[in-house]
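# Examination of the molecular architecture
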2 protein chains.
Amino acid sequence: MAKRIGKRTIILENKPHIIGYGSVVGKKEYEGPIGHEFDAHDDDSRFGEDSYEKAESLLQKIALETAMRKANVNENDIKMIFAGDLLNQCIGSYFGLRSKGIPLIGLYGACSTMTLGLSLASIMIDSGAADITAAVTSSHFCSAERQYRFPLEYGAVRPQTAQWTVTGSGATVLSSERLEGKPYIDKVCFGEIEDLGITDTNNMGAAMAPSAASTIKHFLEDTNTTLHDYDLVITGDLGKVGTDLLYELLEGDGIDIRCRHSDCGLIIFDRDRQDVHAGGSGCGCSAAVLNSFVMHRFESGDFKNILFMSTGALMSPTSSLQGETIPGISHLINIKI
Amino acid sequence: MAKRIGKRTIILENKPHIIGYGSVVGKKEYEGPIGHEFDAHDDDSRFGEDSYEKAESLLQKIALETAMRKANVNENDIKMIFAGDLLNQCIGSYFGLRSKGIPLIGLYGACSTMTLGLSLASIMIDSGAADITAAVTSSHFCSAERQYRFPLEYGAVRPQTAQWTVTGSGATVLSSERLEGKPYIDKVCFGEIEDLGITDTNNMGAAMAPSAASTIKHFLEDTNTTLHDYDLVITGDLGKVGTDLLYELLEGDGIDIRCRHSDCGLIIFDRDRQDVHAGGSGCGCSAAVLNSFVMHRFESGDFKNILFMSTGALMSPTSSLQGETIPGISHLINIKI
């Protein structure tokens, strides 16, 4: 049984263990600082498909199949998949996973989707509803640019606050079996929507930072812990602008996160060398980094107890055209080994 | 603890009870055969807002607040909301519920979202992760038409297989408290994607029917029951074309569902009188009918044990332009009193 503590945090008593993980990225991500940590990459942004959207679907399939292979499970073993992406109607997930014959829960949480899916997948195991579950998300620079901003052919100039959508996917397979030496999800904390009135669609980091700050604060209060109890807090894709704002917001609450924080959007690209402006973004960003870099550090013993939080900016081109602000939402998981 | 039986069905041991429900619809739905059963309606399809999208957000807010009022709970009581809609990036849900301060799980399951959300909301209660949860979905004819098909101003002609997207929203509040005389969720069955190769975006009923047939079949097999064990099977929005195909598909498996089946898309409109062609659709369709008509029949004693299944067609305008088929997915809940 799961147990709720405080306002938002849930302790998992069954401790869903991570038995497999997989990641796949595009050329730019492979050329980045942690490129060698990903399971697969391709130099062609279409990955051999005839559209970017079909390529994104393929990314989800590759990531999930890689994670399943490492977990040594097949389609019949996995009882539910939690999947999402940034494409309208989540076609990346639904078309990528349609041949699997596994009950599929489609999620939309913008870039917060990976930890949203992992939180739900964990509770399913904890509840007894499933013994093995999986979570997978993706994003693709080219499909995202043309859907959210401009067709690439326009060559639109991007401001320095803009982030670069990661072409990539990550998948995690969870099991109810307690396996010595495998990391497990200890707690989850679902996010509430936070809205500080940001309207600049080229500054998603600033839109997400308030929700990241809120979720960290709630989690620490609920668990009666401090940052010193964790090796690291890793956010999804705040980038440079969002990270600076996160520090500022938490400082206002007396929480100094500077020495214990990394951001997947800043890990995956080299901002000085790769012209990505404020850093990486997209729900494939935190998914790919979690299911490579982060998992490897659990294996090597570097990490023993971390907070991992995908961060999402909630908007559509329509909502922005109609003058809406961009609220944010961030879901957190506490991973231990 | 939840208990899995068979391939896809989950028995809830804690029996989440439905303590509140709310529905709101537009003018056409109010003028339909069950118009008097809805809690609220408006003659203006903008519901006083300055865009259809903002109107759809307002619908979710109204439905949830109505359900909360009937359940006699406030924002602090509800631990998680499961919400979704048909709009790109689920802005109907996220913008409609952003001021609530309640952890929000964004779902995308096309028109299957209401039972997807209710299934997850039920398991959260069963698992102990929450004592009170809610599920809410919406759709809006005008926002859906311009997003999926043509701006209304074009006056495009609709073929007879097309369905009419319901302008409406429905919300359900679930509680772990066992309350005598209130209906409860006994079992849930998550859907797998079924794809028989339908490509006609004006024939969603046909696209959804195979998944509806598959989920019913799996549920009956998993539970070792027959249709005679239930008062009725209610599908979400198969409409006339999808309903006929469902009968045909199940007959092939020796299951005659004709005398025990209703479809929300056929209940909500009068096809002879209201010019909706094959019937109603949209994820507000099953949500509004469940949270009015169906709940009222549990209250009156007409229903004691039903299967309720929202049905979704998975596509986007982009996927269809790229020549993709339209797979379907259907999630089922077994409601008893």
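What follows is about the relation of the copies chain B and chain A. Superposing chain B onto chain A takes a rotation of 180 degrees plus a shift of 0.0 Å along the axis, which leaves an RMSD of 0.0 Å. Here the symmetry operator amounts to a two-fold rotation axis. Same-surface contact between copies: 100% of interface residues of chain B are shared with the interface of chain A.

All names here are of chain A. Each domain of chain A was delimited in the assignment, giving domain 1 (16-175) and domain 2 (184-336). Taken together, the contact between domain 1 and domain 2 spans 50 residues of the former and 52 residues of the latter. Those elements that place two or more of their residues in the side of domain 1 that touches domain 2 are β3 (17-25), α1 (27-30), β5 (80-85), α4 (113-127), β7 (132-139), α5 (141-148), β8 (164-165) and β9 (168-175).

Before going further, it helps to spend a moment on the packing of α4(A) against helix α4 (residues 113-127) of chain B. One way to put it is that α4(A) packs onto α4(B) with a least axis distance of 9 Å and a crossing angle of 50 degrees. On the basis of their axis angle, the class for α4(A) and α4(B) is oblique. Of the two possible hands of crossing, α4(A) and α4(B) adopt the one that is left-handed. Residues L120(A), I123(A), M124(A), D126(A) and S127(A) of α4(A) lie in contact with α4(B), whose contacting residues are L120(B), I123(B), M124(B), D126(B) and S127(B). Its residues assigned to classes, the contact of α4(A) with α4(B) comprises 6 nonpolar, 2 polar and 2 charged.

Each partner contributes residues to the interface: chain B has 52 residues there, and chain A has 52 residues. Of all the elements, α4(B) adds the most residues to the side of chain B that touches chain A, at 6 residues. Residue composition of the side of chain B that touches chain A, by class: 28 nonpolar, 13 polar and 11 charged.

Residues and elements named next belong to chain A. Summarising the element assignment, I306 is placed in strand β14 (residues 305-313). C-alpha of I306 to C-alpha of E180: the two residues are 126 residues apart in sequence and 18 Å apart in space. Leaving out residues up to four positions away in the same chain, I306 has contacts with Y230, D231, L232, I234 and I335.

Positive phi, close to 50 degrees, is recorded for F47(A), a residue that is not glycine. Judged by C-beta crowding, with 21 C-beta atoms within 10 Å, F47(A) ranks as buried.

Here the focus is the nonpolar core. Core analysis: the largest hydrophobic core is formed by 234 residues, its most contacted members being I81(A), A134(A), I81(B) and A134(B). When neighbours within four sequence positions are excluded, I81(A) is seen to be in contact with L97(A), I102(A), L104(A), I105(A), A134(A) and V136(A).

Residue and element names in this part refer to chain A. The buried count for β14 comes to 8 of 9 residues, which makes it a mostly enclosed element. Inspection of the sheet shows strand β11 (residues 232-235) paired to β14 by 4 bridges, in the parallel sense. Its bridge partner being in β14, V233 is matched across the sheet by L307. As paired elements, β14 and strand β15 (residues 328-336) share 9 bridges and run antiparallel to each other. Note on β15: the bridge partner recorded for M309 is L332.

This part is about the environment of E53(B). Structurally, E53(B) can be placed in helix α2 (residues 52-71). E53(B) sits 185 residues away from L238(B) along the chain, and the two C-alpha atoms are 24 Å apart. In this structure E53(B) touches T318(A), S319(A), Q322(A), L87(B), I91(B) and S143(B), once residues within four positions along its chain are discounted.

For the rest of this paragraph, the subject is helix α7 (residues 239-252) of chain A. Along an α-helix, residues three or four positions apart point the same way, because every turn accommodates 3.6 residues. All names here are of chain A. Taking 1.5 Å per residue, 14 residues should reach 20 Å; α7 reaches 20 Å between its end C-alpha atoms and fits that length. Buried within α7 we find G239, V241, G242, T243, L245, L246, L249 and L250. Summarising the contacts, the buried residues of α7 are in contact with α6 (204-223), β11, β12 (261-263), α8 (264-267) and β13 (280-281). Residue G254 follows α7 closely and has a positive phi angle near 75 degrees.

Residue and element names in this part refer to chain A. Closest axis-to-axis distance for the α6/α7 pair is 8 Å, and the angle between their directions is 40 degrees. Here α6 lies oblique to α7, going by the angle between them. In this structure, α6 meets α7 at a crossing whose hand is right-handed. On α7, the residues that touch G205, A206, M208, A209, P210, A212, A213 and I216 of α6 are G239, V241, G242, L245, L246, L249 and L250. Among the residues forming the contact of α6 with α7, the class breakdown is 12 nonpolar, 3 polar and no charged.

With that settled, the discussion passes to the pairing of strand β7 (residues 132-139) of chain B. Residue and element names in this part refer to chain B. Taking burial as the measure, the 8 residues of β7 include 8 buried ones, the bulk of the element. Of the two faces of β7, the one carrying I132, A134, V136 and S138 and the one carrying T133, A135, T137 and S139 are both buried. Relative to strand β9 (residues 168-175), β7 runs antiparallel, the two being bridged by 8 bridges. Paired with S138 across the bridge in β9 is S169.

A few words on the environment of H17(A). Residue and element names in this part refer to chain A. With respect to the helices, strands and loops of the structure, H17 is situated in strand β3. Residues H17 and L238, spaced 221 residues apart in sequence, show a C-alpha to C-alpha distance of 27 Å. Each residue touching H17, except ones within four places of it in the same chain, is listed here: L174, S175, E177, R178, L179, K182 and Y184.

With that out of the way, let us pick up the confidence of the model for chain A. Across chain A, the average pLDDT comes to 96, with 100% of residues at 70 or higher. Of the two predicted TM-score estimates for the complex, the pTM is 0.98 and the ipTM is 0.97.

All names here are of chain B. Across its 17 residues, helix α10 (residues 283-299) extends 24 Å between first and last C-alpha, which sits within 8% of the 24 Å expected from 1.5 Å per residue. Where α10 bends most, the angle comes to about 40 degrees, and this point is L290. Counting buried residues in α10 gives 13 out of 17 residues, a clear majority hidden from the surface. Directly after α10, the chain includes G301, whose backbone phi takes a positive value near 90 degrees.

The rules we used
Residues numbered from 1 in each chain as written. Chains lettered and ligands numbered in written order. Predicted model: local features only at pLDDT ≥ 70, side-chain atom pairs only at ≥ 80, totals over all residues. Least-squares fit on C-alpha atoms with pLDDT ≥ 70 in both. Contact = placed C-beta atoms within 7 Å. Domains from an automatic or database assignment. Helix = DSSP H or I, 4+ residues; strand = E, 2+ residues; numbered from the N terminus. Axes fitted to C-alpha atoms, helices over the stretch in contact; angles between N-to-C directions. Parallel < 35°, antiparallel > 145°, perpendicular 65-115°, else oblique. Left-handed = near helix turned anticlockwise from the far one by under 90°. Nonpolar A, V, L, I, M, F, W, Y, C, P; charged D, E, K, R; others polar. Buried ≥ 20, exposed ≤ 12 C-beta atoms within 10 Å, placed from the backbone. Core = buried A, V, L, I, M, F, W, Y, C linked by C-beta atoms within 7 Å. Pairing = 2+ DSSP bridges. Expected span 1.5 Å × (residues − 1). pLDDT = per-residue confidence, 0-100. Bend = angle between axes of the 7 residues up to and from the residue.

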